[in-house]
Amino acid sequence: MSTDTAIRPAGTPKAVGVVWALLGLNTLGSAGAKTIVTLPRSLIQMATMGALVTAFALALALNLRLRIRPSAFVLLLTLLLIPSVISSANLEVGYGALFRCFRLALFVGTLWLLTRWWDGSLTFVRHHIRMYFVALCTVAVGLVIAPGTAMPEYYGGRLVGALWPLTPPQIGQYAAVIIGLTVLLLIGRRTTKGSGAFVIVPSLVLLALTHTRTATVGMLVGLTLAICSLVMTSAAARRFFAWTVVCVTVGAVVFHSAIQSWFLRGQSQENFSNLTGRAKVWDALLSAPRTSGEKVFGTGLGDKSFGGLPIDNSWLAVYNEQGLTGVTIVASMLLVLGGVALLRPPSLSRACAIFLISYVAISSYTEAGLGDASPYLLHLGLAATLLAAPATPPPLSTPAVPRRHVPRWARR
């Protein structure tokens, strides 16, 4: 295995986008809402796991010489495998824990193979937007075909995936991420207004129909931080920021009651304050007795639940499954990416990375996924591609000039 730091690849193969899309398919999950045609969970798991195996095989075929670039993020992600395997080897949560470790290892291995093409460009941003926009298109088609199935009562009338079992938080996450990235591409003039509107407008509609508060707040905060990083160097960013502040202020005053009812989703103030029952699960998880080994390494990779209820917090989920060691590694990943983003000079790539890091950091409070192969790790992987320093081409070697023969009498 060689470290490819001197030779920059001559363009990124189109198949790399296929690998990225397959990684995204693997993280879509196998459990969610009821679909129009009932899909067996075993069939969905076969499709998602097959996508990961195919992604690894294709990445390996594209990088047969195993040329990789150093990446602190992927290195820390590799270290996360250690507490995962140690805790899962006890089989406290069954053989499924070892299967999830194997899945995480394939996910990390594929990222290592793709680092050869990480050069700080926006190539992977476009792959990311296309991938999740296709997923949102399936949601929109399901909404048109069967609106009753797409907005069921058991989810409080929130939008779900009627063709593929996607939950409202998943749909909201995908919509928020591609909206934020597309807005930044528009500010940086890397896409046309028509293409941007084609992605942003339907994504905003789907985000509103999901009533996903975490995704909305994460998108707004992430965009604010990302645009602020461009304000000093981009006139377009300054204009967009000024108009956004005016529109948000006017909208907050005029539509205050509508916005408040949208955020409450018909819940009482008490239910809203304890985060829809999440706080009770968190208190039970923290008060549960644990051995010293479970505190350090966790109980093994599981389904991100405790007592049959979802944990819905990345930090507590990592603590439960990978212990304090896992929490330390995950925190290091975010700190390293955030630190590198702050040290980079202002650029569109840096702004996109800041948006992704901020969004994931905010979402980690009410969503799980930072300790296992998930869309959140894929978002951070995209941020790592944007923060990677461009590979420097090797210096041009100058041909040796032949020495001119000097007669002996001339030397005297």
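So, here's what we can say about the structure. In this text, all values refer to a predicted model and were calculated from it rather than measured experimentally. (Residues numbered from 1 in each chain as written. Predicted model: local features only at pLDDT ≥ 70, side-chain atom pairs only at ≥ 80, totals over all residues. Heavy atoms only, no water.)

### Concerning the overall build of the chain
Next up, step 1: From N to C terminus, the chain includes 19 helices and 4 strands.
Next up, step 2: For the chain, buried positions account for 48% of its 412 residues.
Next up, step 3: In the chain, of all internal contacts separated by at least 6 residues, the share reaching a separation of at least 24 is 76%.
Next up, step 4: For the chain, the exposed area adds up to about 20100 Å²; of that, 68% sits on carbon and sulfur atoms. (Helix = DSSP H or I, 4+ residues; strand = E, 2+ residues; numbered from the N terminus. Buried < 20%, exposed > 50% of the residue type's maximum accessible area, 1.4 Å probe, protein only. Contact = heavy atoms within 4.5 Å. Areas by Shrake-Rupley, 256 points an atom, 1.4 Å probe, with all protein chains shown as cover.)

### Description of the side chain of Asn-26
Next up, step 1: Within the secondary structure, Asn-26 sits in helix H1 (residues 15-26).
Next up, step 2: For Asn-26, the side chain forms a polar contact with the side chain of Arg-103, separated by 3.3 Å.
Next up, step 3: Ignoring sequence-local partners within four residues, the contact set of Asn-26 consists of Thr-48, Met-49, Ala-51, Leu-52, Arg-103 and Ala-373. (Polar contact = N/O pair within 3.5 Å; in protein donor to acceptor, adjacent residues only side chain to side chain.)

### A word on the pattern of salt bridges
Next up, step 1: Applying the stated criterion to the full structure yields 4 salt bridges.
Next up, step 2: Across the pair Lys-304 and Glu-321 runs a salt bridge, and its minimum N-O distance is 3.2 Å. Separated by 17 residues along the polypeptide, Lys-304 in the loop between helix H15 (292-297) and strand S3 (305-306) and Glu-321 in helix H16 (residues 314-343) bring together distant segments of the chain.
Next up, step 3: Residue classification places Lys-304 among the buried residues on the basis of a relative accessible area of 16%.
Next up, step 4: Shared partners join several salt bridges into a network, and the residues in it are Arg-103, Lys-304, Glu-321 and Asp-372. (Salt bridge = Lys/Arg side-chain N within 4 Å of Asp/Glu carboxyl O.)

### Examining the packing of H1 against helix H5 (residues 96-114)
Axis angle and axis distance: for two packed helices, these are the angle between their axes and the distance between the axes, and together they describe the pair.
Next up, step 1: Axis separation between H1 and H5 bottoms out at 11 Å; the angle between their running directions is 160°. Overall, the two elements H1 and H5 adopt an arrangement that is roughly antiparallel. For the pair H1 and H5, the crossing hand works out as left-handed. Across the interface between the two elements, Val-16, Val-19, Trp-20, Leu-23 and Asn-26 of H1 pack against Arg-103, Phe-107, Thr-110, Leu-111 and Leu-114 of H5.
Next up, step 2: Here the contact of H1 with H5 is composed, by residue class, of 7 nonpolar, 2 polar and 1 charged. (Axes fitted to C-alpha atoms, helices over the stretch in contact; angles between N-to-C directions. Parallel < 35°, antiparallel > 145°, perpendicular 65-115°, else oblique. Left-handed = near helix turned anticlockwise from the far one by under 90°. Nonpolar A, V, L, I, M, F, W, Y, C, P; charged D, E, K, R; others polar.)

### Quick word on the packing of aromatic side chains
The description of an aromatic ring pair rests on the distance of the ring centres and on the angle between the ring planes.
Next up, step 1: Applying the stated criterion across every chain yields a total of 6 aromatic pairs.
Next up, step 2: Summarising the aromatic geometry, the rings of Tyr-154 and Tyr-155 are spaced 5.3 Å apart at their centres and angled 45° between planes, so their arrangement reads as tilted.
Next up, step 3: A relative accessible area of 47% means that Tyr-154 is categorised as partly exposed.
Next up, step 4: Judged by its relative accessible area of 25%, Tyr-155 falls in the partly exposed class.
Next up, step 5: Lys-34 extends its terminal NZ or CZ atom over the ring of Tyr-154, reaching a point 5.7 Å from the ring centre. (Phe/Tyr/Trp six-rings, centres within 6.5 Å; stacked < 30°, edge-to-face > 60°. Lys NZ or Arg CZ within 6 Å of the ring centre and 35° of its normal.)

### With respect to H1
Next up, step 1: With 12 residues, H1 extends 17 Å between its outermost C-alpha atoms, agreeing within 8% with the 16 Å of an ideal straight helix rising 1.5 Å per residue.
Next up, step 2: Listed in full, the buried residues belonging to H1 are Val-16, Gly-17, Val-19, Trp-20, Leu-22, Leu-23, Gly-24 and Asn-26. (Expected span 1.5 Å × (residues − 1).)

### Quick notes on helix H14 (residues 278-287)
Next up, step 1: Listing the buried residues of H14 in full gives Arg-278, Val-281, Trp-282 and Leu-285. Axial view of H14: buried residues confined to an arc of 100°, hence all on one face. Looking at H14, the residues exposed on the side facing more than 90 degrees away from the buried face are Lys-280, Asp-283 and Ser-287. (Arc of directions from axis to C-beta.)

### What about the environment of Val-217?
Next up, step 1: Summarising the element assignment, Val-217 is placed in helix H10 (residues 213-228).
Next up, step 2: Remark: the alpha-carbon pair of Val-217 and Ser-363, spanning 146 residues in sequence, is separated by 8.7 Å.

### A closer look at a positive patch on the surface
Next up, step 1: Among the surface-exposed residues, Arg-189, Lys-193, Arg-238 and Arg-239 lie close enough to one another that they form a single positively charged patch.
Next up, step 2: By the element assignment, Arg-189 lies in the loop between helix H8 (168-187) and helix H9 (193-210).
Next up, step 3: What makes Arg-189 exposed here is its relative accessible area of 66%. (Patch = residues over 30% accessible without salt bridge, like charges linked within 9 Å, V, L, I, M, F, W, Y side chains within 5 Å. Lys, Arg positive; Asp, Glu negative; His and termini not counted. Charge placed at Lys NZ, Arg CZ, Asp CG, Glu CD.)

### Things to note about the packing of H16 against helix H18 (residues 375-387)
Next up, step 1: Their axes nearest at 10 Å, the elements H16 and H18 cross at an angle of 30°. The angle between the axes of H16 and H18 places the two elements in the roughly parallel class. Here H16 and H18 pass one another in a crossing that is left-handed. For the pair H16 and H18, the contacting residues are Met-333, Leu-334, Leu-337, Val-340 and Ala-341 in the first and Leu-377, Leu-380, Ala-384 and Leu-387 in the second.
Next up, step 2: Along the lines of polarity and charge, the residues of the contact of H16 with H18 split into 9 nonpolar, no polar and no charged.

### Re the layout of surface pockets
Next up, step 1: Computed from the structure, the second largest pocket encloses a volume of approximately 1300 Å³.
Next up, step 2: Lining the second largest pocket are 30 residues, with Leu-204, Met-219, Leu-220, Thr-244 and Val-248 positioned closest to its centre.
Next up, step 3: Sorting elements by how many residues they give to the lining of the second largest pocket places helix H11 (residues 235-254) first, with 10 residues.
Next up, step 4: Looking at side-chain class alone, the lining of the second largest pocket contains 23 nonpolar, 4 polar and 3 charged residues. (1 Å grid on protein atoms, 1.4 Å probe; cavity = no way out; pocket = protein on both sides within 12 Å on 5 of 7 lines; lining within 4 Å. Points joined across faces, edges and corners; volume = space filled by probe spheres on them.)

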